[in-house]
Amino acid sequence: MASLRIDGSHGEGGGQILRSALSLAALTGRAVRLENIRARRRKPGLAAQHLTAVRAAAMLCDARSEGAELGSQTLEFIPCRPVRAGDYTLDVGEAREGGSAGAVMLVLQTVLPPLALAEGTSTVSLSGGTHVPMSPAFDYVLDVWLPTLARMGLRAELSLIRSGWYPVGKGEVTLTVKGGRRTLRALHVQNRGALQAVTGRALAANLPAHIPERMAARAQAVLAEAGIAAAIEPAVLQAACAGAGLFLTARYDHCLAGFSALGQRGKPAERVAEEACVALLAHYRSGAALEQHLADQIVLPAALCPEESLFSVERISPHLTTNAWVVERFGLARVDVRSAENGTGLVRIRGNPVGACHARP
């Protein structure tokens with residue numbers, strides 16, 4: 001069967017196309033050829049975390065690859081066997097001379113679905129950036145993404161050995177995946193229910209204790225003004241470089257939502273807190289179940305469910321529609337994304353069993 005061609009410039013034209021294609025290629029055994037990789041980014045082609053994702057996916061299925069090098073905008077990826085459970089170790093810093101703070105959570109999201117459907121238990125040790133820009137942070141994956149996947153039947157545990165911040169990285173996490181599922185359960189969250197609680201962590205690495213305390217205090221004050229009580233824990237961590245961020249989780253009757261903001265030099269702790277709170281309040285006032293980031297990250301797992309998934313989302317993002325396009329290219333599911341009058345959206349995913357998947361021409 002000929003390789004499935006994927007245009008990396010489609011839609012938002014970023015790394016999500018690559019990661020989803022790699023994950024789906026490993027799952028289905030279908031060879032893929034990716035062109036124009038990350039064409040819409042300031043520095044197109046494979047960066048360190050994308051190259052690590054290629055290597056990670058290849059390890060799972062003994063894939064052969066051509067073009068797996070930094071800066072490459074074309075990649076041929078050919079799985080040579082079904083995904084096998086095992087112990088895997090990956091370091092984003094090894095992908096580039098001088099190291100990298102590339103996002104390990106994005107590599108994790110590439111390998112988790114294939115390992116969840118493989119027979120046996122897998123352990124994945126990942127080193128790199130755990131709390132970095134343009135990526136879900138460790139706290140989001142732990143508190144929002146994995147619990148949502150658990151509702152769908154995916155069994156995985158994640159632990160933080162050491163946090164890693166931009167620009168040095170050198171954080172470390174361990175993921176344990178209990179595979180053996182033939183399919184996952186569909187997700188039905190059209191109505192989120194009442195807000196039960198808002199919790200969070202205000203974290204600072206290699207910085208004075210007053211910084212996370214100020215983030216926590218300001219966030220609690222902003223949310224209190226909106227009538228929302230929040231329990232936010234300030235903490236100081238040790239890491240290879242300085243970093244700070246606030247990570248909030250909103251717990252509703254029927255779903256979870258996560259929001260975050262990262263600090264940077266010259267940015268007051270209070271502003272970091274306000275950014276995270278603004279995102280939380282925008283979702284709260286939308287009335288939708290899933291926030292925009294969880295929606296696009298749940299499309300691929302939902303496509304592995306034979307039953308129909310249905311959920312509302314606060315905003316239809318380019319990431320969401322692009323990820324839906326990649327899933328449909330593999331023939332895994334039909335993804336219907338519709339806008340509502342108030343700016344929210346409704347996503348319907350009609351999936352097929354993995355074993356019956358055939359890529360569309």
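To be clear, the structure that these remarks concern was listed above.
How each quantity is defined
- Note that residues are indexed from 1 along each chain, following the sequence as it is written.
- Selection of residues for local features in this predicted model requires a pLDDT of at least 70, selection of side-chain atom pairs for listing and counting requires 80 or more, and totals for whole chains, interfaces and linings are taken over all residues.
- Hydrogens and waters are ignored; side-chain quantities use all the structure's heavy atoms.
- What counts as a helix is a DSSP run of H or I of at least four residues, what counts as a strand is a run of E of at least two, and both are numbered from the N terminus.
- Here a helix's expected span is defined as the number of its residues, less one, multiplied by 1.5 Å.
- Only protein chains enter the accessibility calculation, which uses a 1.4 Å probe; a residue whose area is less than 20% of its type maximum is buried, one above 50% is exposed, and one in between is partly exposed.
- Residue contacts follow a heavy-atom distance rule, with two residues in contact if any of their heavy atoms lie within 4.5 Å.
- The rule for pairing is simple: two strands pair if DSSP sees at least two bridges between them.
- Here, axes are lines fitted to C-alpha atoms. For helices the fit covers the stretch in contact, and angles between N-to-C directions go from 0 to 180 degrees.
- One side-chain nitrogen of Lys or Arg within 4 Å of one carboxyl oxygen of Asp or Glu is enough to make a salt bridge.
- Polar contacts, as counted here, are pairs of nitrogen or oxygen atoms within 3.5 Å of one another; within protein the pair requires one atom able to donate a hydrogen and one able to accept it, and residues that are adjacent in sequence qualify only if both atoms are side-chain atoms.

Visitor: Would you take a moment to explain helix H6 (residues 269-286) for this structure?
Guide: The α-helix winds at 3.6 residues per turn, so residues separated by three or four positions along the chain end up facing the same way. The end-to-end C-alpha separation of H6 is 27 Å, in line with the 26 Å expected for 18 residues at 1.5 Å each. Listed in full, the buried residues belonging to H6 are Ala269, Val272, Ala273, Ala276, Cys277, Leu280, Leu281, His283 and Ser286. The inward-facing, buried residues of H6 abut strand E10 (195-205), helix H5 (210-225), strand E12 (243-252) and strand E13 (256-262). Looking one or two places after H6, you find Gly287, whose phi comes out positive at around 80 degrees.

Visitor: Just to check I follow, could you spell out the sheet that holds strand E9 (residues 188-189) for this structure?
Guide: Strand pairing within a sheet occurs via backbone hydrogen bonds; the two strands may be parallel or antiparallel. The mixed open sheet is built from four strands, whose spatial order is E9-E14-E16-E15. Because the sheet does not close on itself, it has two edges, and the strands there are E9 and strand E15 (333-339). By the bridge criterion, two bridges tie E9 to strand E14 (residues 308-313) in an arrangement that is parallel. Bridging from a neighbouring strand, Val189 pairs with Phe311 of E14. Those strands touched by helix H7 (residues 292-303) are E14, E15 and strand E16 (345-351), and its axis lies near 175 degrees from that of E14.

Visitor: Would you mind going over the pattern of salt bridges with me for this structure?
Guide: A side chain of one charge can pair with a side chain of the opposite charge when the charged atoms of the two come close. Inspection of the entire model under this criterion finds 14 salt bridges. Between Glu275 and Lys267 there is a salt bridge whose closest N-O contact spans 2.9 Å. Overall, Glu275 belongs to the partly exposed group, its relative accessible area being 35%. Among the residues examined, Lys267 registers a relative accessible area of 15% and is labelled buried. When salt bridges with common partners are traced through the structure, they connect Arg5, Arg33, Glu35 and Glu76 into a single cluster.

Visitor: Hey, could you run me through the side chain of Thr148 in this one?
Guide: As for its position among the elements, Thr148 is in helix H4 (residues 138-151). Residue classification places Thr148 among the buried residues on the basis of a relative accessible area of 6%. Among the polar contacts listed, one links the side chain of Thr148 to the backbone oxygen of Val144, at a separation of 2.8 Å. Setting aside its immediate chain neighbours within four residues, Thr148 contacts Leu187, Leu294 and Ile298.

Fair warning: the whole summary comes from geometry, so function is off the table for now.
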